[in-house]
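Spelled out, the chains give:
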Amino acid sequence: MYSTQMYDLGNQASPIRKLFNYGQEQAAKLGPDKVFDFTIGNPSIPLPADMTQALGEILQETEPVALHSYSVSAGHPATRTAIAEDLNARYGTNYTKDQLYLTCGAAAGLCSTFLALTTGADSEFIGMAPFFPEYRNFVETKGGKFRVVEASADFRLNLEGLAEAINEHTQAIIINSPNNPSGKVYTREELTALAQLLEDRSQAYGKPIYLITDEPYRELVYGGLEVPFIPNIYRNTLVCYSYSKVYSMPGERIGYVLVPPEIDDSQEVYKAVAGAARTQGYVCAPVLFQKFVERFPGRQMDFSPYDTNRQLLYDGLKAIGYNCVHPDGAFYMFVQAPQGDGKAFSDLAMTQNVLVVPGVGFGCPDYVRVSYCVPTDRIERALPLFRELYQASLQ
Ligand code: PLP
């Protein structure tokens, strides 16, 4: 016998992966220039040469047995100290290595955090549409409940909806800014209002309602926009960070959970995160990349190629008549399907080998997500097809 719940998850690739796999097959059949894949969030800006060189140096300069050995479960102390010092310099905090747990990307950090905060079958976690579809699986497979607050009209935080959804079983709220898929960056004002709501409700229920902030795109913003550091706004915040997108290395699986000392039961929650990581086999994140992050804990990258794509795609789709959310960060555009059915539009686009992700998994069935972390010429060549698709969907 086996777990049918796990079978179902393994048997059905996520819709994003399914489309991505289809795109790979089509590209092999028809040639890569005949397929317009806007599905997966695989960064397209290469790691800068000096950072690639540093990887080689780490390999050459460090004694190999020591380099490749297990680190302590939470990650090398020197790496965690480097990250803490970088955060302290940037955000005026006082973190130490003891509040950081290195993980295999944000996904492992999120799984460990959800599990750490699940106290029983009635533990609830609230996400706000549009949200990263895997949250639901991450929460439900740990035995918790995932509740969804519907999106607000402008894709900002829906605090009214959230106020209605919070109850005595709420363990945590999960947010993601810059947001995948809307590209919205939540402002200091909205986050302050969120903090007030969570503080009031924590007080009313006599227990902390934690805020989990999922931050793989923290530095990936355009036009110098401020991305507020959320633990400085709401005390009971845990951060799940990843280097996947900002350093263009999602395959290397490196990130961290930050459990600030200010949160309620901080040391216990940190240990619960460590225990959750342990039971899921997420101890000792990849050591080569721990060493890498130790050298570059907070390197600022040049995201101008994404900015070029963002403007080209946004202006091009708007000129055709599409209704798009203007993204301030990350590398996705959330586009309303002309007839209001994202799945139907994605299916139609697939017939032209234009691959976009239906919004239903993100909690917004009227929309599709277009990833623009792609070569610029793919957008240029796809815009005429987007025009045809727009016209075809209105017929
Ligand atoms: N959270 C969000 C919002 C994401 O977009 C992604 C990946 O696309 C993840 C988490 C998972 O990130 P990682 O590759 O670091 O596990």
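The preceding data block contains the structure.
Everything numeric here is computed off the predicted structure, so don't read it as measured data.

What counts as what
- Throughout, a residue's number is its position along its own chain's written sequence, starting from 1.
- With the structure being a predicted model, the display of local features is reserved for residues of pLDDT at least 70 and the display and counting of side-chain atom pairs for 80 or more, all residues being used for whole-chain, interface and lining totals.
- Hydrogens are left out, water is left out, and the side-chain values use all remaining heavy atoms of the structure.
- Comment: elements are numbered from the N terminus, with helices defined as DSSP H or I runs of at least four residues and strands as E runs of at least two.
- Residues count as neighbours in contact if any of their non-hydrogen atoms are within 4.5 Å of one another.
- Contacts described as polar in this section are N or O atom pairs within 3.5 Å, which, within protein, must combine one atom able to donate a hydrogen with one able to accept it, while residues neighboring in sequence count only if both atoms come from side chains.
- One heavy atom within 4 Å of a molecule or strand makes the whole residue count as near it.
- Note on areas: Shrake-Rupley with a 1.4 Å probe; residue coverage comes only from the protein chains shown.
- What counts as a ring pair is set by centres within 6.5 Å for rings of Phe, Tyr and Trp (its six-membered ring), and what kind of pair is set by the plane angle: stacked under 30 degrees, edge-to-face over 60, tilted for all other angles.
- Only protein chains enter the calculation, and the probe is 1.4 Å; a residue is then buried if its accessible area is under 20% of its type maximum, exposed if over 50%, and partly exposed in between.
- DSSP calls a pair of strands paired once it identifies at least 2 bridges connecting them.
- Every axis corresponds to a line fitted to the C-alpha atoms, with the helix fit spanning only the stretch in contact, and the corresponding angles, defined between N-to-C directions, vary from 0 to 180 degrees.
- To sort the angles, those under 35 degrees are grouped as roughly parallel, those over 145 as roughly antiparallel, those from 65 to 115 as roughly perpendicular, and the leftovers as oblique.
- Here a crossing is called left-handed whenever its near helix is offset anticlockwise from the far helix by less than a right angle, and right-handed whenever the offset is clockwise.
- Only Asp, Glu, Lys and Arg are considered charged, only Ala, Val, Leu, Ile, Met, Phe, Trp, Tyr, Cys and Pro nonpolar, and every remaining residue, Gly among them, polar.

A short note on the environment of E190
Tracing the chain through its elements places E190 in helix α9 (residues 188-205). With 33 residues separating them in the primary sequence, E190 and L157 have C-alpha atoms 6.9 Å apart. Setting aside residues no more than four positions away along its own chain, E190 makes contact with R156, L157, L159 and V185. Separated by 2.6 Å, the side chains of E190 and R156 make a polar contact.

Focus: the site of the ligand
Lining the immediate surroundings of the ligand are 13 residues, of which A106, N180, D214, Y217 and S242 lie closest. Note that an oxygen atom of the ligand is positioned 2.8 Å from one of the backbone N or O atoms of A106. Within the side chain of D214, one N or O atom sits 2.6 Å away from a nitrogen atom of the ligand. Protein contact buries 91% of the 390 Å² of open area that the ligand shows by itself. Per-element accounting of the shell around the ligand gives the leading share, three residues, to helix α6 (residues 105-116).

Things to note about the packing of aromatic side chains
Counted according to the given criterion, the structure contains 29 aromatic pairs. With a centroid separation of 5.4 Å and an interplanar angle of 35 degrees, the aromatic rings of Y243 and Y247 are classed as tilted. Given a relative accessible area of 1%, Y243 falls into the buried group. Y247 sits in the buried class, given a relative accessible area of 2%. Members of the aromatic cluster, each reached through a chain of ring pairs, are Y241, Y243, Y247, Y256, F289, F292 and F296.

Quick look at the sheet that holds strand β11 (residues 357-358)
Read from one edge of the open sheet, three strands run β9-β12-β11, paired in antiparallel fashion. At either end of the open sheet lies a strand with only one pairing partner, and these are β9 (332-336) and β11. Sheet analysis places β11 next to strand β12 (residues 367-371), joined by two bridges and oriented antiparallel. Note on β12: the bridge partner recorded for P358 is V368. Relative to the sheet, helix α13 (residues 342-351) contacts β11 and β12, its axis offset from that of β12 by approximately 50 degrees.

Considerations on the packing of helix α12 (residues 304-320) against helix α14 (residues 376-393)
For any two helices packed against each other, one specifies the inter-axial angle together with the distance between the axes. Their axes nearest at 10 Å, the elements α12 and α14 cross at an angle of 15 degrees. Between α12 and α14, the interaxial angle falls into the category roughly parallel. α12 and α14 meet at a crossing whose hand is right-handed. Contacts between α12 and α14 involve T308, N309, L312, L313, G316, L317 and I320 on the former and, on the latter, T376, I379, E380, L383, F386, R387 and Y390. Across the contact of α12 with α14, the residue classes tally to eight nonpolar, four polar and two charged.

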